[in-house]
Amino acid sequence: MTHSGDLPGTVHEKRAIRAAMRDRLVHVPPATSRHLCERLASRLLTETPACIACVWPLPGEVDLRPLCEKLHQHDWRVLIPETPPKGSPLIFRQWRPEAEMKQGRFGTSYPDGPVSVPDVILVPMVAFDRRGYRLGYGGGYYDRTLARLPGSKPVGYAFSAQEVAEVPVGPFDMALPIIITENEDIIRDMSSD
Ligand SMILES: Nc1nc2c(c(=O)[nH]1)N(C=O)[C@@H](CNc1ccc(C(=O)N[C@@H](CCC(=O)O)C(=O)O)cc1)CN2
Ligand SMILES: Nc1ncnc2c1ncn2[C@@H]1O[C@H](COP(=O)(O)OP(=O)(O)OP(=O)(O)O)[C@@H](O)[C@H]1O
C-alpha cells in the first residue's frame with residue numbers, strides 16, 4: 001500500500017500507536033462507554049436539534065448507540081457513515097431506530113437511509129493528544145471528509161485511555177477544536193497555532 005501524504009517514519013509511528021491502543025482498549029469497561037455517551041448527550045441536548053453524524057461501533061470502540069437513540073428521541077436527525085473505497089470521503093446516511101444495518105467495508109455497518117450533510121460530525125479515533133490531533137484506522141476518511149465539509153462542526157470523542165503524549169502529524173492531519181472523553185472536555189488551545 002502507498003501512503004502518499006505521510007513520511008515513512010510517520011506511517012510507522014502511527015502503526016505502533018494503533019497496535020498499543022488495541023491492547024489498551026481491551027481493558028476499558030462497558031460502563032465507561034455509557035458514561036461518555038451521557039456526557040455527550042448532556043452537552044449536545046443543550047443545543048437546538050440539528051443533523052449529527054455518529055458512527056456504528058467497531059469492536060473495542062466507544063459505543064454511541066445509546067446516544068443515537070437519545071438524540072433521535074429529542075428530534076435530532078442522526079446520520080451514520082457508509083465507508084466508500086479508500087481515497088473518497090465518507091457518505092453520511094440517515095439512521096432511524098428501526099433501520100436495518102448493512103455490512104460495509106472494514107467491518108463497518110451503515111443504514112440504508114437517504115444521504116445528508118451533517119451540521120455536527122462526531123469524530124471517532126484510535127488515539128489523540130492534547131493539541132487536538134487524532135489518529136484513526138489509517139484510511140484518512142475523516143481528514144478527507146472534514147476537509148470537504150468546512151461548514152460541519154467536528155467534535156472528537158474518545159476514552160481517556162486513548163490519550164497519548166503526541167500523535168505523529170502528517171500534512172493532511174487537522175487538529176480538532178474539541179475532544180470529549182468520559183472525564184473532561186479538551187478544548188484546543190488556539191494560542192499555540
Ligand atoms: N465505528 C467506526 N466507524 C467508522 C470509522 C471508525 O473509526 N469507527 N471510520 C474512521 O475512519 C471509517 C472507517 N474507517 C476504517 C478505515 C480502515 C480500517 C482498517 O484498515 N482496518 C484494518 C485494521 C486496522 C487496525 O486495527 O490497525 C482491517 O480491517 O484490517 C477500518 C476502518 C468510517 N466508519
Ligand atoms: N485531505 C486529504 N487528501 C489527500 N490525502 C489525504 C487527506 N487526508 C488524509 N490523506 C492521506 O490518507 C492516508 C491515511 O491518513 P491517516 O493515517 O491520517 O488516517 P487516519 O486519520 O488514521 O484515518 P481515519 O481518518 O480514516 O480515521 C495518509 O496517506 C494521508 O496522507
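Residues numbered from 1 in each chain as written. Chains lettered and ligands numbered in written order. Predicted model: local features only at pLDDT ≥ 70, side-chain atom pairs only at ≥ 80, totals over all residues. Heavy atoms only, no water.

(A) Seen up close, the layout of surface pockets. In this structure, the largest pocket occupies an estimated 1,200 Å³ of space. Taken together, 42 residues make up the lining of the largest pocket; nearest its centre are Tyr-137, Gly-138, Gly-139, Gly-140 and Tyr-141. Elements with a minimum of two residues in the lining of the largest pocket: α1 (8-25), β2 (77-82), β8 (134-135) and α4 (141-148). For the lining of the largest pocket, the class distribution of residues is 19 nonpolar, 12 polar and 11 charged. Quantified by volume, the second largest pocket comes out at close to 150 Å³. Along the walls of the second largest pocket sit Leu-146, Leu-149, Pro-150, Ser-152, Pro-154, Met-174, Ala-175, Leu-176, Pro-177 and Arg-188, which together make up its complete lining. Residue composition of the lining of the second largest pocket, by class: 8 nonpolar, 1 polar and 1 charged. (1 Å grid on protein atoms, 1.4 Å probe; cavity = no way out; pocket = protein on both sides within 12 Å on 5 of 7 lines; lining within 4 Å. Points joined across faces, edges and corners; volume = space filled by probe spheres on them. Helix = DSSP H or I, 4+ residues; strand = E, 2+ residues; numbered from the N terminus. Nonpolar A, V, L, I, M, F, W, Y, C, P; charged D, E, K, R; others polar.)

(B) Highlighting the site of ligand 1. In the vicinity of ligand 1 there are 14 residues, among which Arg-22, Trp-56, Glu-61, Phe-106 and Tyr-137 approach most closely. In this structure, Arg-22 approaches ligand 1 through a side-chain N or O atom, which is 2.5 Å from an oxygen atom. A distance of 2.6 Å separates a nitrogen atom of ligand 1 from a polar side-chain atom of Glu-61. Burial of ligand 1 by the protein chains amounts to 77% of its free accessible area of 690 Å². (Near = heavy atom within 4 Å. Polar contact = N/O pair within 3.5 Å; in protein donor to acceptor, adjacent residues only side chain to side chain. Areas by Shrake-Rupley, 256 points an atom, 1.4 Å probe, with all protein chains shown as cover.)

(C) Region of interest: helix α2 (residues 30-44). Across its 15 residues, α2 extends 21 Å between first and last C-alpha, which sits within 8% of the 21 Å expected from 1.5 Å per residue. All of the buried residues along α2 are Thr-32, Ser-33, Leu-36, Cys-37, Leu-40, Ala-41 and Leu-44. (Expected span 1.5 Å × (residues − 1). Buried < 20%, exposed > 50% of the residue type's maximum accessible area, 1.4 Å probe, protein only.)

(D) Looking closely at the pairing of β2. Where burial is concerned, most of β2 is hidden: 5 out of the 6 residues are buried. Both strand β1 (residues 51-53) and β2 contribute to a ladder of 3 bridges, which runs parallel. Considered in β2, the bridge of Ala-53 is made with Leu-79. Taking the sense of rotation as the criterion, the β-α-β connection linking β1, helix α3 (residues 65-73) and β2 turns out right-handed. Pairing between β2 and strand β3 (residues 91-95): 5 bridges, direction antiparallel. Residue pairing for β3: Leu-79 is matched across the bridge by Gln-94. (Pairing = 2+ DSSP bridges. Right-handed = clockwise from strand over helix to strand, strands pointing away.)

(E) Empty space enclosed by the protein, seen in detail. Enumeration over the complete set of coordinates arrives at 1 cavity of 30 Å³ or more. There is about 60 Å³ of room inside the largest cavity. Lining the largest cavity we find Leu-25, Gly-60, Glu-61, Val-62, Pro-124, Met-125, Tyr-157, Ala-158 and Gln-162. Here the lining of the largest cavity is built from residues that sort into 6 nonpolar, 2 polar and 1 charged.

(F) Summary view of the side chain of Thr-108. Within the secondary structure layout, Thr-108 lies in the loop between β4 (101-103) and β5 (109-111). Take Thr-108: its relative accessible area is 14%, and that puts it in the buried class. A distance of 3.4 Å separates the side chain of Thr-108 from the side chain of Thr-83, its partner in a polar contact. With residues up to four places along the chain from it excluded, the contact list for Thr-108 reads Leu-58, Thr-83, Lys-102 and Gln-103. (Contact = heavy atoms within 4.5 Å.)

Distances and angles like these do not, on their own, reveal function.
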